[in-house]
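# Working through the structure, step by step
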Amino acid sequence: MKIATLTLNPALDRTMYFGKDVKIGALNRAVAPSLTTVGGKGTDVSCVFKILGAESTAYGFIGGDNGNLFLKLLEPHNINTDFTRTKCNTRMNVKIISGDGEPTEFNESGGPVDKEEKEDILNKIKNIIEEVEFFFMGGSVPPGMEKSIYRDIINLGGGKIKFIIDCDGEALKLCMSNAKKPYIIKPNQFELEQYTGKKFDLDNNFDIEIEKVKQEAKIIYDDTGVTILCTLGEYGGLYCGAEGVYYVRSPKVEVKGFTGAGDTFLTAFIAVYFGLCELPDVNRENLAEKSLEFAVAASTAKVTKPGTEFATVSEMIEMYERISGEKNK
């Protein structure tokens, strides 16, 4: 089974930890050492696949001194890569985590990508696309590339490949309005709100609002046939597909690093759902629901790790058993 991932706008992630009161326009002193790690949806997915015992190849753009550091920091993950070099420096994103675990992000735009660099990566994709069964694409589109790039790559696949998309805004809408659609999309709550034009107030009216989230996901699935995996932050995640609609809530944990949690969620679901990672209590009847439980467990285990450090398989399993136990009480 061949898996490819694509990150058009990767980044170095600088995570900084502060006390409870972070103030704009004032001096804020970090309370713990900062971390610099690799960031980018596709590379995260490739790293988690590796942890779960599946091989993939990560494609994308890197450039400059930041790109060199990106590759060096990626080495311990031991994943297959085939990046295209750019003249522009790989971007740097800053993640601020306050004492209550609330994350704030400051992201550079990245790019621009020039015509030759764009042609280079598209040629790589054309050369391997017929061999790929799963093709993950995600993240922002850098300046110099059209928002239609994900849709255009889906069209290259000729409807034979399972494209898994994690993007937002115009790029997502172009994919979903296309004749050849993604197999799975993974919006978070904000991206689902952006796509549907609806707001979901889970903080104040959870029982009512989670039903609205389920309803909107079902409308999208019925209209398009595209499976939806939606991450809802501390509230867990939702699946809507051929088997129906399922929701699993996350256990309460201390958040140390939120970056990559959604990518972990998505990869863990795919790994179980498509038999790349086996769980002892999974069968054909409960496959979607158990895959979702493991996805929520894996992403919850991930946020207990600092920066973009990923959880181990044993940590994911431990959290999965906790979720299954709490559910069956």
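For the structure itself, look to the data block above.
Below you will find a few notes about this structure. Counting restarts for each chain, with residues numbered from 1 along the sequence as it is written. Whole-chain, interface and lining totals are the exception, using all residues; otherwise, since this is a predicted model, local features are given only for residues with pLDDT of at least 70 and side-chain atom pairs are given and counted only at 80 or more. Just so you know, side-chain values use all the structure's heavy atoms and leave hydrogens and water out.

By convention in these notes, a salt bridge is any Lys or Arg side-chain nitrogen within 4 Å of a carboxyl oxygen on Asp or Glu. Tallied over the full model, the rule gives 21 salt bridges. Between Glu-146 and Lys-118 there is a salt bridge whose closest N-O contact spans 2.5 Å. Of the two residues, Glu-146 is situated in the loop between β8 (134-138) and α4 (149-156) and Lys-118 in helix α3 (residues 115-128); the sequence distance between them amounts to 28 residues. Exposure classes here rest on a 1.4 Å probe applied to the protein chains alone. A residue is buried below 20% of its type maximum, exposed above 50%, and partly exposed in between. Owing to a relative accessible area of 39%, Glu-146 belongs among the partly exposed residues under this scheme. With relative accessibility at 19%, the residue Lys-118 sits in the buried group. The way it works is that DSSP assigns letters per residue, a run of H or I at least four long becomes a helix, a run of E at least two long becomes a strand, and they are numbered from the N terminus.

Next up on the list: the packing of helix α8 (residues 261-273) against helix α9 (residues 287-303). Angular values range over 0 to 180 degrees, each being the angle between N-to-C directions of two axes fitted as lines to C-alpha atoms, with helices fitted over their stretch in contact. The interhelical angle for the contact between α8 and α9, taken along N-to-C directions, is 145°, at an axis separation of 7 Å. In the crossing of α8 with α9, the sense of the turn from one axis to the other is right-handed. Note on element contacts: α9 touches α8 through Leu-287, Ala-288, Ser-291, Leu-292, Phe-294, Ala-295, Val-296, Ala-298, Ser-299, Lys-302 and Val-303, opposite Ala-261, Thr-264, Phe-265, Ala-268, Phe-269, Val-272 and Tyr-273. Each residue belonging to the contact of α8 with α9 can be placed in one class, and the counts come to 14 nonpolar, three polar and one charged. In this scheme, a crossing is called left-handed if the near helix is turned counterclockwise away from the far one by less than a right angle; it is called right-handed if the turn is clockwise. When checking whether two residues touch, look at their non-hydrogen atoms; a contact exists if any pair is within 4.5 Å. Gly falls in the polar group here, along with every residue not listed as nonpolar (Ala, Val, Leu, Ile, Met, Phe, Trp, Tyr, Cys, Pro) or charged (Asp, Glu, Lys, Arg).

Moving on to the packing of aromatic side chains. Stacked, tilted and edge-to-face are the three classes assigned to paired rings of Phe, Tyr and Trp, where Trp is represented by its six-membered ring and a pair needs centres within 6.5 Å; plane angles under 30 degrees give stacked, over 60 edge-to-face, the rest tilted. All chains considered together, the criterion is met by 12 aromatic pairs. Aromatic side chains Tyr-183 and Phe-274 sit 6.0 Å apart centroid to centroid with 50° between the ring planes, which places their arrangement in the tilted category. Placement of the pair is Tyr-183 in the loop between α5 (169-176) and β10 (184-185) and Phe-274 in the loop between α8 and α9, with a sequence separation of 91 residues. When the ring of Tyr-273 is compared with that of Phe-274, the centres are 5.1 Å apart and the planes differ by 80°; the resulting orientation is edge-to-face. One exposure class covers both Tyr-273 and Phe-274, and it is buried. Aromatic ring contacts, followed pair by pair, group Phe-134, Tyr-183, Tyr-239, Tyr-246, Phe-269, Tyr-273 and Phe-274 into a single cluster.

Bear in mind that shape data such as this cannot, by itself, settle questions of function.
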